[in-house]
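The lines below spell out each chain.
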Amino acid sequence: MKKTVREAIIAGNWKMNKTPSETKALISEMKPLVSGADCKVVLCVPFVDIDAALNASAGSNIEIGAENCHFEKSGAFTGEVSPVMLKEMGVKYVIIGHSERRQYFGETDVTVNKRLKNALEEDLKVILCVGETLEQREQGITAELVAMQTKIALFDVSKEAAKNVIIAYEPVWAIGTGKTATSDQAEEVCAIIRDVIADIYDSDTAEGMTIQYGGSMNAKNADELLSKVNVDGGLIGGASLKAEDFSIIVKAASK
Ligand code: PGA
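Below is a short write-up of the structure. The residue numbering used here restarts from 1 in each chain and proceeds along that chain's sequence as written. Under the rules for a predicted model, residues below a pLDDT of 70 receive no local features and side-chain atom pairs below 80 are neither given nor counted, while totals for whole chains, interfaces and linings still include all residues. Excluded from the side-chain calculations are hydrogens and water; all other atoms, namely the structure's heavy atoms, are used.

Quick word on the packing of helix α1 (residues 20-34) against helix α12 (residues 243-253)
At step 1: Throughout, an axis means a line fitted to C-alpha atoms (over the contacting stretch in the case of helices), and angles, computed between N-to-C directions, take values from 0 to 180 degrees. Secondary structure is summarised from DSSP: a helix means a run of H or I of at least four residues, a strand means a run of E of at least two, and numbering begins at the N terminus for each. Relative to each other, α1 and α12 sit at 30°, their axes nearing to 9 Å. Overall, the two elements α1 and α12 adopt an arrangement that is roughly parallel. Along this stretch, α1 crosses α12, giving a crossing that reads as right-handed. Within the contact between the two elements, α1 uses Leu26, Glu29, Met30, Leu33 and Val34 and α12 uses Ala243, Glu244, Phe246, Ser247, Val250 and Lys251.
At step 2: Residues that form the contact of α1 with α12 fall into these classes: 7 nonpolar, 1 polar and 3 charged. By the definition adopted for this analysis, an angle is roughly parallel if under 35 degrees, roughly antiparallel if over 145, roughly perpendicular if from 65 to 115, and oblique otherwise. By convention, the crossing between two helices is left-handed when the near helix turns anticlockwise from the far helix through less than a right angle, and right-handed when the turn is clockwise. Any two residues whose heavy atoms approach within 4.5 Å at even a single point are treated as in contact. Residue polarity is assigned by list, with Asp, Glu, Lys and Arg as charged and Ala, Val, Leu, Ile, Met, Phe, Trp, Tyr, Cys and Pro as nonpolar; anything else, Gly included, falls into the polar class.

Written out as structure tokens, the structure reads:
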């Protein structure tokens, strides 16, 4: 982390877990544990839990995000939710392009770009996920792949708008598998992404951008991962469902 020039952000990604009543209970448990944080604390929750999450976190340092949003403002898109709706609810962040969206729901770099632009238009902060599969890593195309995902996602996004983008480097092989990237692997790819941002915009924009690592980050390995200069936080799946574990990661980012 380099907190002198960019924000450290620990964001939970609850995925398809927790009902509204469970949301209330978990956030109530988390609140006192993360209240002294010296980093941003965000919880991205299922759409149906947003109301409960906003109520439970009111007055605390926890900000609420969604896990996806659509690329149109309204219309005939059964089952989808637009950033206009999220904004009105009081949501501040939205994850876009998570690998599970890409893998199971046909999300492409082009739809990621469209969703991201639509979210930025509603002043939401976007956590853009990029990352390679194990096969792609073994093929030696990690750098090219994350560069391509980042460039297409940010196509036609102004430098000003990009200030509301956070990138999460999430190697697909590390998500939910317990196989964490080593801190050197995380640092290497986060630095590559930062170079790509400098290439698209300029070095100031790149230096100022928060780039998180995600993929089996937990209470035990967070310290080591966050000690790397280009790793500015984490996107946390499994460990964000346990108040104690999540708070230990928040404390690691608060050092
Ligand atoms: P994990 O998930 O921490 O459970 O690996 C991270 C993510 O998918 O954002």
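A word on helix α5 (residues 109-121)
At step 1: By this rule, a helix spans an expected 1.5 Å times one less than how many residues it contains. Helix length check: α5, at 13 residues, gives a terminal C-alpha distance of 18 Å against a target of 18 Å (1.5 Å per residue), a fit within 8%.
At step 2: Note on exposure labels: buried denotes an accessible area under 20% of the residue type's maximum, exposed denotes more than 50%, and partly exposed covers the range between, all computed with a 1.4 Å probe on protein chains only. Among the residues of α5, those classed as buried are Asp109, Thr111, Val112, Asn113, Arg115, Leu116, Asn118, Ala119 and Leu120.

Considerations on the sheet that holds strand β2 (residues 40-44)
At step 1: Taken in spatial order, the 8 strands line up as β1-β2-β3-β4-β5-β6-β7-β8 and close into a barrel, and their pairing is parallel. Here the average twist between neighbouring strands, direction ignored, is 25°.
At step 2: Whether two strands pair depends on DSSP finding at least two bridges between them. Pairing of β2 with strand β3 (residues 62-66) involves 4 bridges; the strand directions are parallel. Its bridge partner lying in β3, Leu43 is registered against Ile64.
At step 3: The strands that α1 touches are β2 and β3; relative to β3, the one it contacts most, it runs at about 135°.
At step 4: Sheet contacts for α5: β4 (93-96), β5 (125-130) and β6 (165-169); angle to β5, the most-contacted strand, approximately 165°.

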